[in-house]
Amino acid sequence: MNIYKLILGYLLSWLDIDKKHVWHPYNSLPSKSSLLAVKSTNKTSIFLENGEELIDGMSSWWSAIHGYNHPRLNKALKSQVEIMPHIMFGGLAHEKAAVLSEKLAKLTGLNSVFLCDSGSVSVEVALKTAIQYQEAKGLKKYKFIALEHAYHGDTLAAMSVCDPDNSMHSIYGSYLPKHIFTKAPELGFETDCSESIKELEKTFEKYHKECAGFILEPIVQGAGGMRIYNPNFLKKARELCSKYDVLLIADEIATGFGHTGKMFACEWANIKPDIMTLGKGLTGGYMTMAAMITSKNVSDTISNSELGILMHGPTFMANPLACSVAIESLNLLEETSWKKNVLNIEKIFKEELLSAKELELVKDVRSIGAIGVIELTDASYAQQVQDYCVQKGVWIRPFGKLIYSIVAYTIKEEDLKIIVKTMIESIKAIKK
Ligand code: PMP
């Protein structure tokens, strides 16, 4: 049998199995859209079963910050698997969790680290922690303030603090708890945000007695619209949370570990939240792991309360494989010039995306750090754009009106320029 037939037979068989049995994100079974069969990855390349190579403009949903198959990360994982792949965390402790937690505490300026499975779960734990904190103080505060355009994850409590119109509220709304939504900050890092601040002040005055926390994505609202906003809004949020003893929960799952050019986006406003959630880049995109980190005040208040414990404890809490690769990822951030790389990426996005502004179908172009965004006037072209980019050897997955790229900090300059050029060409090639 010739080699191509053999390859084709193999390809057909496992993709056929996929179509029969495997759910993909936000999809039907079998998948409504075509799926690309991936064979392997290396650095910032994705290799397909059909022999094609794609430059990765997505870094696996913002997670592979150092690129794929980094020798240091591979080594960390391989050596840990020989020592201890997993151990339950109830009643037992291990060194890798301690080392990682100390590093995270130092980096964030917070203290108390809860290591869990995924970003959404860390948001669930953050909301539970805020409720327990308020209960420990004898307060019955069970609601949250959240922003329009917010996105905080797909689990039920996380969904309940996502934008009520532009999210899955339309499907699960009758089941979800009702929270308080306030006007999102105006679009633009330097845009005056006094209107949204005014609304925020009114929201706090009216609802603070029933609200345990205010959850937001600092500086960039991600999946809810890739909206970059003014740090002054964040400063005001900190001020109001402190004034009314509403906990400030900064969801840095998408923005954290350098994506906006600072280690954490909160640094743009020079503020510290009471609770921070981290995920995605935490393990350099290798393993599913997230962290919910609080100030000492929050953990002390819960630990000294009548109940005295934080009520959460997943099976794979603090998985040692994930901890060891996360430690190495943080070591890489400490030792490499990621900040310089992100600045360079930002410069290329700023300069090269600009020409897209002139195009008829483009509403806005924006960027910060390793994030470059083109907003179209219409949401119906996403598949066309994706297909065009793949044809040209670039992996971009737009959502709705947004064509965006978030790249690994290790990407080569020429590859990033190809990504941006292809994004722009894909819009020119749109057939209305
Ligand atoms: N919060 C934010 C800001 C996110 O961007 C995401 C994921 N896109 C989540 C929470 C949920 O994380 P996960 O997909 O790991 O559950």
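Residues numbered from 1 in each chain as written. Predicted model: local features only at pLDDT ≥ 70, side-chain atom pairs only at ≥ 80, totals over all residues. Heavy atoms only, no water.

S.K.: Could you give an account of the packing of aromatic side chains, with specific residues and numbers?
M.R.: Remark: the centre distance and the inter-plane angle together describe each pair of aromatic rings, the angle taken between the planes. Scanning the model with the defined rule gives eight aromatic pairs in all. Ring geometry for Phe-204 versus Tyr-244: centroids 5.9 Å apart, planes at 25°, classification stacked. A residue pair is termed long-range when its members are at least 10 positions apart, and Phe-204 in helix H8 (residues 194–207) and Tyr-244 in helix H9 (residues 231–244) qualify at 40 residues. Like Tyr-244, Phe-204 is buried. Counting every residue linked through ring pairs, the aromatic cluster contains Trp-62, Phe-399 and Tyr-404. When the ring centre of Trp-268 is taken as origin, the NZ or CZ atom of Lys-262, which lies over that ring, is 4.6 Å away. (Phe/Tyr/Trp six-rings, centres within 6.5 Å; stacked < 30°, edge-to-face > 60°. Helix = DSSP H or I, 4+ residues; strand = E, 2+ residues; numbered from the N terminus. Buried < 20%, exposed > 50% of the residue type's maximum accessible area, 1.4 Å probe, protein only. Lys NZ or Arg CZ within 6 Å of the ring centre and 35° of its normal.)

S.K.: Describe the site of the ligand, and please don't skip the residues or the numbers.
M.R.: Close contacts around the ligand come from Ser-118, Gly-119, Ser-120, Tyr-151, His-152, Gly-153, Glu-217, Asp-251, Ile-253, Ala-254 and Lys-280, and that covers them all. Asp-251 places a side-chain nitrogen or oxygen 2.7 Å from a nitrogen atom of the ligand. The side chain of Lys-280 places a nitrogen or oxygen atom 3.0 Å from a nitrogen atom of the ligand. (Near = heavy atom within 4 Å. Polar contact = N/O pair within 3.5 Å; in protein donor to acceptor, adjacent residues only side chain to side chain.)

S.K.: Provide a residue-level description of the packing of helix H13 (residues 382–391) against helix H14 (residues 413–428), including the pertinent values.
M.R.: Following both chains from N to C, one finds H13 and H14 inclined at 130°, their axes separated by 9 Å at the closest point. The angle between H13 and H14 falls in the class oblique. Considering the relative orientation of H13 and H14, their crossing is right-handed. On H14, the residues that touch Val-385, Tyr-388 and Cys-389 of H13 are Thr-422, Glu-425 and Ser-426. Class assignment of the residues belonging to the contact of H13 with H14 gives a composition of three nonpolar, two polar and one charged. (Axes fitted to C-alpha atoms, helices over the stretch in contact; angles between N-to-C directions. Parallel < 35°, antiparallel > 145°, perpendicular 65-115°, else oblique. Left-handed = near helix turned anticlockwise from the far one by under 90°. Contact = heavy atoms within 4.5 Å. Nonpolar A, V, L, I, M, F, W, Y, C, P; charged D, E, K, R; others polar.)

S.K.: Tell me what's going on with the pattern of salt bridges, and back it up with residues and numbers.
M.R.: Under the defined criterion, the tally for this structure stands at 18 salt bridges. With a shortest N-O distance of 3.2 Å, Lys-103 and Glu-334 are connected by a salt bridge. Here Lys-103 is found in helix H4 (residues 95–108), whereas its partner Glu-334 is found in helix H11 (residues 320–335), with 231 residues between them in sequence. We classify Lys-103 as buried; its relative accessible area is 18%. For Glu-425, the salt bridge goes to Lys-421, with nearest N and O atoms at 3.8 Å. Placement of the pair is Glu-425 and Lys-421 together in helix H14, with a separation of four residues, close to one helical turn. According to the relative accessible area criterion, Glu-425 is partly exposed, its value standing at 27%. The class of Lys-421 is exposed, set by a relative accessible area of 53%. A network of salt bridges, in which partner residues are shared, links Lys-363, Asp-364, Arg-366 and Glu-375. (Salt bridge = Lys/Arg side-chain N within 4 Å of Asp/Glu carboxyl O.)

S.K.: Got a sec to walk through the pairing of strand S12 (residues 290–294)? Specific residues and values, please.
M.R.: Taken across its five residues, S12 has five buried, putting it largely inside the fold. Of the two faces of S12, the one holding Ala-290, Met-292 and Thr-294 and the one holding Ala-291 and Ile-293 are both buried throughout. Across five bridges, the pairing between strand S4 (residues 112–116) and S12 is antiparallel. Counted as the bridge partner of Ser-112 is Thr-294 from S12. Direction of pairing for strand S11 (residues 275–278) relative to S12: antiparallel, over a ladder of four bridges. Paired with Leu-278 across the two strands is Ala-291, which belongs to S12. (Pairing = 2+ DSSP bridges.)

S.K.: Lay out unusual backbone geometry in plain terms, naming residues and giving numbers.
M.R.: Excluding glycine, residues mostly carry a negative phi; peptide bonds, for their part, are mostly trans. With omega at 0°, the peptide bond leading from Leu-29 into Pro-30 counts as cis. One can find Pro-30 in the loop between helix H1 (3–21) and strand S1 (38–42). With a phi angle near 50°, Lys-43 is a residue other than glycine that sits in the positive phi range. Residue placement: Lys-43 occurs in the loop between S1 and strand S2 (45–48).

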